[in-house]
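Overview (structure and organization)
Each chain, letter by letter, is given below.
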4 protein chains.
Amino acid sequence: MTGFSDGVFAIVITLLVIELRVPAHRPGELLAGLAEEAPAYVAFLVSFGYLGVIWLNHHALLRLIRGATLGLNWINLWLLLGVVVIPFPTAVLAAAFTHEGNDHDRRVAVLLYALTAAAMSAPWLAFFGYLRRRPALLGEGISVAHVAAQRARPVTGMVLYLFSGALGWFVSPVLGVIGIVVMIVFHALTSEGVRRRRPHRRAERR
Amino acid sequence: MTGFSDGVFAIVITLLVIELRVPAHRPGELLAGLAEEAPAYVAFLVSFGYLGVIWLNHHALLRLIRGATLGLNWINLWLLLGVVVIPFPTAVLAAAFTHEGNDHDRRVAVLLYALTAAAMSAPWLAFFGYLRRRPALLGEGISVAHVAAQRARPVTGMVLYLFSGALGWFVSPVLGVIGIVVMIVFHALTSEGVRRRRPHRRAERR
Amino acid sequence: MTGFSDGVFAIVITLLVIELRVPAHRPGELLAGLAEEAPAYVAFLVSFGYLGVIWLNHHALLRLIRGATLGLNWINLWLLLGVVVIPFPTAVLAAAFTHEGNDHDRRVAVLLYALTAAAMSAPWLAFFGYLRRRPALLGEGISVAHVAAQRARPVTGMVLYLFSGALGWFVSPVLGVIGIVVMIVFHALTSEGVRRRRPHRRAERR
Amino acid sequence: MTGFSDGVFAIVITLLVIELRVPAHRPGELLAGLAEEAPAYVAFLVSFGYLGVIWLNHHALLRLIRGATLGLNWINLWLLLGVVVIPFPTAVLAAAFTHEGNDHDRRVAVLLYALTAAAMSAPWLAFFGYLRRRPALLGEGISVAHVAAQRARPVTGMVLYLFSGALGWFVSPVLGVIGIVVMIVFHALTSEGVRRRRPHRRAERR
């Protein structure tokens, strides 16, 4: 499960760069062509950060468990479906904010990104719920109460990604993007938060 | 063998998303462009589910054996050939059901998908047959009778994928697709079935 | 070294399928379009088989050694350079034998493939030569004489790939392709040959 | 951390070859088309060598530590961001030196490559600095003084990549490329240098 999941994460995070293409340009205008692609670079960085944060959270997730069952493998596949999909709304977002899109397209693109991110929270909720009911699967020193408390994170994610999408659709696409970035920072900080609860944290084996 | 195979699965399942492209569209028509691509999303989801199920089955397959031999490595390469090919009939299927194809193209596409899926069953049959004749390779607690019984699964697969292809070709492409989806669900359920036979199932090491 | 190498092999063997594209075609002519691409499918299968054989050989190579040194890592990178390059001459070959090329282009494409394959033999020679001079690196039960004898394989490869290239350039491109396929079969058989020399072969850990 | 990082390296080094495309050409002019793409092959080889050297350095980096912490995982993600980005300036460089670019575009492309490479040195500095302040994370036989001394390498990298970029921008793009190649050779040699300091070097487990 770890090998397969790490492989998927490694490929998805690397595939993002494929969207960064040499801009078509007339001789002598490479610099201007690159500058025009700036929104694509921002979209790349946001999604790289997002996937990096998800990897850190997933990495911590797998350390909660002693081993995998068929049920966990299914939930993990569901979770990876969301991971694999991310480059697509990223590309849509990048295209909408470059020359190809108008304001309406940007609202569509932000909404699509937010809905994808919200949908991605569901398997995390399922993972924690599944584990909470099966204490025998928990790793050493992991309490059921700890796992149960973690459910607040995907729930917050779902609510606030949907809110960011609504913000982007009804108010302003740029505000929607800001809402999404705030959520990614939240997930980055709570990945840290989860680990702070364990008093005797040891460095893991590399 | 595990590392290489997991890498191939991780890449193929991720490459599927490359077929999801930002639709070419006029400014303000991104939403309409996305809606038009709906068959491509369905094809993506079907193939993601299909590859996920194959991974679960393959994962269970490798747990039957104690170690690899050159013969098993060859059969595994043959099996991975089928895995690697899947994005191609998927893309053909997606293209045929979007604007690019007419009814005849859809019959061709469904038949191609079904033939690929049927051909993919052959190495599984070879794997179980090879193992059945070499009990020394079996993992702890795995009986020859159990392995021999598993041969029914790829045989069912071959017959019913061919039937789905004939259905799609002679009767209706949509019925053919439904037949293929039913087969994928069957493989998903028998992956579970295989494991139910072992009474003292333990969680595997992650 | 194993993880990185297996990753590279898994990706390269999977990337081959990217060259298989849905043929551009008018509605109702998907089947004709697919048939026209037949040379691309042959090129795909040849290169899949070739990479599979190289992986088997590489897998056996890493079982000769007890551990890696900086020198072996460098030779391994050199070897992987050849592996990574293969999809490029494969695509050139496929294009030359489809509609895009005439007889002269086919000669160029076969020569390019043969030169790439010949160049790929060099790091294997270096690997065996390096190991022969450092018996301390050899795995349990592997003799220096065994390693020294293996040098015949890449030497044969270099000579016969060059001969196939000359055949394709001066005589007939199709003959050149046949020569290349014969060589791949030779490498497949000698991968087996190498392992037959060890009398007490045990199944490796998966 | 190792599995994920090795996956990213394996994919990035393999993706480089995707930029090598079959040249569009008239029948009979494949050879001329290939010859015209020569700068793309040079760019491919430079970036393959560059990524190979980074992998060797990263491989040695992970051997300095006993295990990973959240902080090291973050720095590692930052480091991988640079790795993942490399194919993009490589493609820009290749395009600028082929038919598509004039002298000004080449200066832009060399500057972009040099700035990327300079920016990539920052996380290495952070890694060594982080480790220096946490001796408990160091692997067996690794001294704090050794780690502290390594900081000279990324600092040299940053200064000299910036110098190469200035050279390419203000003086001559070709000189800038030469400067970059010299730096890659320097990193190749200091990867060796780092390991020479440890007197009782043992072969690592493969």
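Residues numbered from 1 in each chain as written. Chains lettered and ligands numbered in written order. Predicted model: local features only at pLDDT ≥ 70, side-chain atom pairs only at ≥ 80, totals over all residues. Heavy atoms only, no water.

Helix and strand content of chain A: nine helices and two strands. Counting from the amino terminus, chain A carries its helices and strands in the arrangement α-α-α-β-α-α-α-α-α-α-β. Each principal axis of the C-alpha distribution contributes one length, and for chain A these read about 65 × 35 × 30 Å. Looking at chain A as a whole, 57% of its 206 residues are labelled buried. A fraction of 78% describes how many contacts in chain A between residues 6 or more apart in sequence connect residues 24 or more apart. Accessible surface, chain A: about 8400 Å² in total, of which carbon and sulfur atoms supply 65%. Across chain A, the mean location of the 19 positive side-chain charges is 19 Å away from that of the 11 negative side-chain charges. (Helix = DSSP H or I, 4+ residues; strand = E, 2+ residues; numbered from the N terminus. Buried < 20%, exposed > 50% of the residue type's maximum accessible area, 1.4 Å probe, protein only. Contact = heavy atoms within 4.5 Å. Areas by Shrake-Rupley, 256 points an atom, 1.4 Å probe, with all protein chains shown as cover. Lys, Arg positive; Asp, Glu negative; His and termini not counted. Charge placed at Lys NZ, Arg CZ, Asp CG, Glu CD.)

So, on to a nonpolar patch on the surface. Residue and element names in this part refer to chain A. Together, F170, V171, V174, L175, I178 and V182 make up a nonpolar patch on the protein surface, roughly 570 Å² of accessible area in all. At the level of elements, α8 (152–171) and α9 (173–196) are the ones that each hand at least two residues to the nonpolar patch. Take the nonpolar patch: its biggest share by element is four residues, from α9. Take V182: it is sitting in helix α9. (Patch = residues over 30% accessible without salt bridge, like charges linked within 9 Å, V, L, I, M, F, W, Y side chains within 5 Å. Salt bridge = Lys/Arg side-chain N within 4 Å of Asp/Glu carboxyl O.)

Pairing is possible between side chains that carry opposite charge, provided their charged atoms lie close to one another. Counted according to the given criterion, the structure contains eight salt bridges over all chains. Two residues, R26 of chain B and E29 of chain B, come together in a salt bridge whose shortest N-O distance is 3.6 Å. Among the ionic pairs, R107 of chain D bridges to D103 of chain D, the shortest N-O distance being 2.8 Å. Remark: D103 of chain D and R107 of chain D occur in helix α6 (residues 103–132); sequence separation between them is four residues, near one turn of the helix. Accessibility expressed as a relative area gives 18% for R107 of chain D, which makes it buried. With a relative accessible area of 38%, D103 of chain D lands in the partly exposed category.

Taken together, the contacts link 36 residues of chain D with 36 residues of chain C. Run the count over chain D and chain C and you get zero salt bridges. Taken together, the connections running from chain D to chain C amount to five residue pairs in polar contact (both at pLDDT 80 or more). Elements with a minimum of two residues in the side of chain D that touches chain C: α1 (2–15), α2 (30–36), α3 (38–62), α9 (173–196) and β2 (204–205) of chain D. Of all the elements, α3 of chain D adds the most residues to the side of chain D that touches chain C, at nine residues. Class assignment of the residues belonging to the side of chain D that touches chain C gives a composition of 21 nonpolar, six polar and nine charged. (Polar contact = N/O pair within 3.5 Å; in protein donor to acceptor, adjacent residues only side chain to side chain. Nonpolar A, V, L, I, M, F, W, Y, C, P; charged D, E, K, R; others polar.)

At the level of C-alpha atoms, the two units chain A and chain C stay apart, their nearest approach being 8 Å. Regarding chain B and chain D, the two do not touch, and the least distance separating their C-alpha atoms is 8 Å.

Taken residue by residue, the interface counts 36 residues in chain A and 38 residues in chain D. At the surface where chain A touches chain D, the tally comes to zero salt bridges. For the interface between chain A and chain D, the tally reads five residue pairs in polar contact (both at pLDDT 80 or more). Put simply, the parts of the chain that give the side of chain A that touches chain D at least two residues each are α1 (2–15), α2 (30–36), α3 (38–62), α9 and β2 (204–205) of chain A. The element that contributes the greatest number of residues to the side of chain A that touches chain D is α3 of chain A, accounting for nine residues. Its residues placed into classes, the side of chain A that touches chain D shows 21 nonpolar, six polar and nine charged.

Right, let's talk about the relation of the copies chain D and chain C for a bit. Each copy superposes on the other: chain D lies on chain C with an RMSD of 0.0 Å after a rotation of 90° and an axial shift of 0.0 Å. Seen this way, the second copy is the image of the first under a four-fold rotation axis. Taking C-alpha positions as the reference, the residue of chain D nearest the rotation axis is G7 of chain D, at 4.2 Å. When you check the interface residues of chain D against chain C, a mere 3% turn up at the interface there too, and the two sides of the contact use different surfaces. (Least-squares fit on C-alpha atoms with pLDDT ≥ 70 in both.)

Let's shift gears to the relation of the copies chain A and chain D. Take chain A, turn it by 90°, move it 0.0 Å along the axis, and it overlays chain D with an RMSD of 0.0 Å. Residue by residue, only 3% of the interface of chain A is reproduced at the interface of chain D, so the copies engage with different surfaces.

For an α-helix, the turn length of 3.6 residues means that residues three or four places apart are oriented alike. Counted at 1.5 Å a residue, the expected span for helix α4 (residues 70–85) of chain A with its 16 residues is 22 Å, and the 23 Å between its end C-alpha atoms agrees. Summarising burial for α4 of chain A: 13 of the 16 residues are buried, a large majority. (Expected span 1.5 Å × (residues − 1).)

Within the secondary structure, V22 of chain A sits in the loop between α1 and α2. By relative accessible area, V22 of chain A is classed as partly exposed at 24%. Along the chain, V22 of chain A and I54 of chain A lie 32 residues apart, while their C-alpha atoms are 28 Å from each other. With near-sequence residues (within four places) excluded, V22 of chain A lies in contact with F88, A91, V92 and A95 of chain D.

A word on the packing of helix α4 (residues 70–85) of chain B against helix α6 (residues 103–132) of chain B. Residues and elements named next belong to chain B. Running from amino to carboxyl end, α4 crosses α6 at an angle of 165°, the nearest separation of the two axes being 9 Å. Judged on the interaxial angle alone, α6 and α4 are roughly antiparallel. In the packing of α4 onto α6, the handedness of the crossing is left-handed. On the side of α4, the interface is formed by G71, L72, I75, W78, L79, G82, V83 and V85, while α6 contributes T116, M120, A122, P123, W124, A126, F127, Y130 and L131. For the contact of α4 with α6, the residue count by class is 14 nonpolar, three polar and no charged. (Axes fitted to C-alpha atoms, helices over the stretch in contact; angles between N-to-C directions. Parallel < 35°, antiparallel > 145°, perpendicular 65-115°, else oblique. Left-handed = near helix turned anticlockwise from the far one by under 90°.)

Okay, the confidence of the model for chain A next. All names here are of chain A. Mean pLDDT over chain A stands at 85; residues scoring 70 or higher make up 92%. Predicted confidence for residues 193–202 stays below pLDDT 50, and this span has 13 contacts to residues more than four positions away or in other chains. If you check the scores for this complex, the pTM reads 0.85 and the ipTM reads 0.81. (pLDDT = per-residue confidence, 0-100.)

Overall, the coordinates contain 20 aromatic pairs over all chains when judged by the stated rule. Between Y50 of chain A and Y161 of chain A, the aromatic rings sit 6.3 Å apart at their centres with planes inclined by 50°, giving tilted as the arrangement. With Y50 of chain A in helix α3 and Y161 of chain A in helix α8, this residue pair connects regions lying 111 residues apart in the sequence. In this pair, the class of Y50 of chain A matches that of Y161 of chain A, namely buried. Aromatic rings pair up to connect Y50, Y113 and Y161 of chain A into one cluster. Note that R106 of chain D overlies the ring of F97 of chain D, its terminal NZ or CZ placed 5.5 Å from the centroid. (Phe/Tyr/Trp six-rings, centres within 6.5 Å; stacked < 30°, edge-to-face > 60°. Lys NZ or Arg CZ within 6 Å of the ring centre and 35° of its normal.)

Here helix α5 (residues 87–97) of chain C lies mainly inside the structure; ten of its eleven residues are buried. Within α5 of chain C the residues assigned to the buried category are P87, F88, P89, T90, A91, V92, L93, A94, A95 and A96 of chain C. Turning to α5 of chain C, the residues buried within the fold contact α1 (2–15), α3 (38–62), α4 (70–85) and α6 (103–132) of chain C together with α2 and α3 of chain D.

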